Amino acid sequence: MENILAPSILAADIMRLGEQISEVRGAGAKYLHIDVMDGVFVPSLSYGVCVVESIRKSCDMVLDVHLMIVEPHRYVEAFAQAGADIITVHLEACADVRETIALIRRQGCRAGLTIRPETPVDAVEEYLDQIDQLLIMSVHPGFGGQHYFASATDRIREAAELIRKSGRPIDLEVDGGVTRDNVERILDAGANVIVAGSAVFHDPQKDAAEFMQILREHSRARDAQ
Ligand code: DX5
Ligand code: ZN
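Residues numbered from 1 in each chain as written. Chains lettered and ligands numbered in written order. Predicted model: local features only at pLDDT ≥ 70, side-chain atom pairs only at ≥ 80, totals over all residues. Heavy atoms only, no water.

Novice: Whenever I open this one, the overall build of the protein confuses me. Can you help?
Specialist: Within the protein one finds seven helices and eight strands. In terms of C-alpha radius of gyration, the protein reaches 16 Å, essentially the compact-globule figure of 17 Å for 225 residues. Summarising its shape, the C-alpha atoms of the protein cover approximately 40 × 40 × 30 Å along the three principal directions. If you take every contact in the protein between residues at least 6 apart in sequence, the share linking residues at least 24 apart comes to 66%. Counting every atom, the protein has about 9,900 Å² of accessible surface; 49% of that belongs to carbon and sulfur. (Helix = DSSP H or I, 4+ residues; strand = E, 2+ residues; numbered from the N terminus. Rg over C-alpha atoms; globule rule 2.2 N^0.38 Å. Contact = heavy atoms within 4.5 Å. Areas by Shrake-Rupley, 256 points an atom, 1.4 Å probe, with all protein chains shown as cover.)

This is the structure:
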């Protein structure tokens, strides 16, 4: 299975966004992770639909939109029309989780579900029949540049086991505090989509290339087993 790098533009230099996106794409990143924050579900505000629309116009990467907003069903259609490929919602933020996921799929997007670090992993089990991607947060959502929670590794293992039992081809994504030093541990635990913000946008071309090398080597070793 291929390991995918999803650079989070929260850490990008907005004045040089287009250039930095080209650099991470050139280094082999397939996804672009876009964090949408509403100041309610999380304390921060980030950006919304028009940013996705604008990136879509000149970017052919998979746009992986992470909605940290309350009652995300209100904006699913708008983000889908703006060009999102994957829309991930927080279980804790949905008025009706099943209906929100169904709405994402009706819009033609891949559906992602995520949970805060405090939410038990097995809370997602009943939705695994419906989703394409499960995101395990390895920090409190809302801010870039935090340290990876050590407890996340066991949660990734638990999530990987639930996915295995479901028999469905669900991608397992990890977001928060991922670096070149801890990413192998995260991949070993079963993740295959790696979000990284501050560890990629310091020197995007070099950082993304180094991440990609680790991801490719890990994928080769796993396939050889
Ligand atoms: C945090 C966001 C992350 C953030 C990751 O709420 O969901 O995507 O950008 O940033 P780093 O990799 O710096 O922890
Ligand atoms: Zn995110």
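Additional details are given in the paragraphs that follow.
Novice: Would you explain the site of ligand 1 in this entry?
Specialist: Surveying the vicinity of ligand 1 reveals 19 residues, the closest of which are Ser8, Gly142, Asp175, Gly197 and Ser198. Those elements that provide at least two residues to the shell around ligand 1 are strand E2 (31–37), strand E3 (62–68) and strand E8 (193–196). Class assignment for the residues of the shell around ligand 1 results in seven nonpolar, ten polar and two charged. (Near = heavy atom within 4 Å. Nonpolar A, V, L, I, M, F, W, Y, C, P; charged D, E, K, R; others polar.)

Novice: Quick question: what am I supposed to make of the nonpolar core here?
Specialist: Side chains of a nonpolar character, in soluble globular proteins, are inclined to be buried together. Residues Ile9, Ile87, Ile194 and Phe211 are the most contacted members of the largest nonpolar core, which totals 69 residues. Sequence-distant contacts of Ile9, that is, excluding residues within four places in its chain, are made with Leu17, Ile21, Leu32, His33, Ile34, Tyr47, Ile55 and Phe201. In terms of nonpolar packing, the next biggest core, distinct from the first, is built from six residues, Tyr31, Ile86, Val193 and Val195 among them. (Core = buried A, V, L, I, M, F, W, Y, C linked by side-chain atoms within 4.5 Å. Buried < 20%, exposed > 50% of the residue type's maximum accessible area, 1.4 Å probe, protein only.)

Novice: I keep staring at the coordination of the zinc ion (ligand 2) and nothing clicks. Help me out?
Specialist: Six octahedral donors at a metal ideally form angles of 90 or 180 degrees, and four tetrahedral donors ideally form angles of 109.5 degrees. Only His33 (NE2), Asp35 (OD), His66 (ND1) and Asp175 (OD) from the protein coordinate the zinc ion (ligand 2), and they sit 2.0 to 2.3 Å from it. Given six donor atoms and angles of 70 to 168° at the metal, the environment of the zinc ion (ligand 2) is assigned as octahedral. In primary sequence terms, the donor set of the zinc ion (ligand 2) follows H-x1-D-x30-H-x108-D. In this structure His33 comes out as buried when scored by relative accessible area, which is 0%. (Donors = N, O, S within 2.8 Å, 3.2 Å for Na, K, Ca; no water. Tetrahedral: all angles 85-135°; square planar, octahedral: opposite > 155°, others 65-115°.)

Novice: I keep staring at the sheet that holds E8 and nothing clicks. Help me out?
Specialist: Pairing between sheet strands relies on hydrogen bonds along the backbone, with the strands arranged either parallel or antiparallel. With respect to topology, eight strands assemble into an open sheet ordered E1-E8-E7-E6-E5-E4-E3-E2, the strand pairing being parallel. Pairing within the sheet leaves two strands with one partner each, and these edge strands are strand E1 (4–7) and E2. The average undirected angle you get between the axes of adjacent strands in this sheet is 25°. Examined bridge by bridge, E3 and strand E4 (residues 86–90) share four bridges and lie parallel to one another. Opposite Leu67, over in E4, you have Val89 as the bridge partner. The sheet contacts of helix H2 (residues 49–57) involve E2 and E3, and relative to E3 the element is tilted by about 175°. (Pairing = 2+ DSSP bridges. Axes fitted to C-alpha atoms, helices over the stretch in contact; angles between N-to-C directions.)

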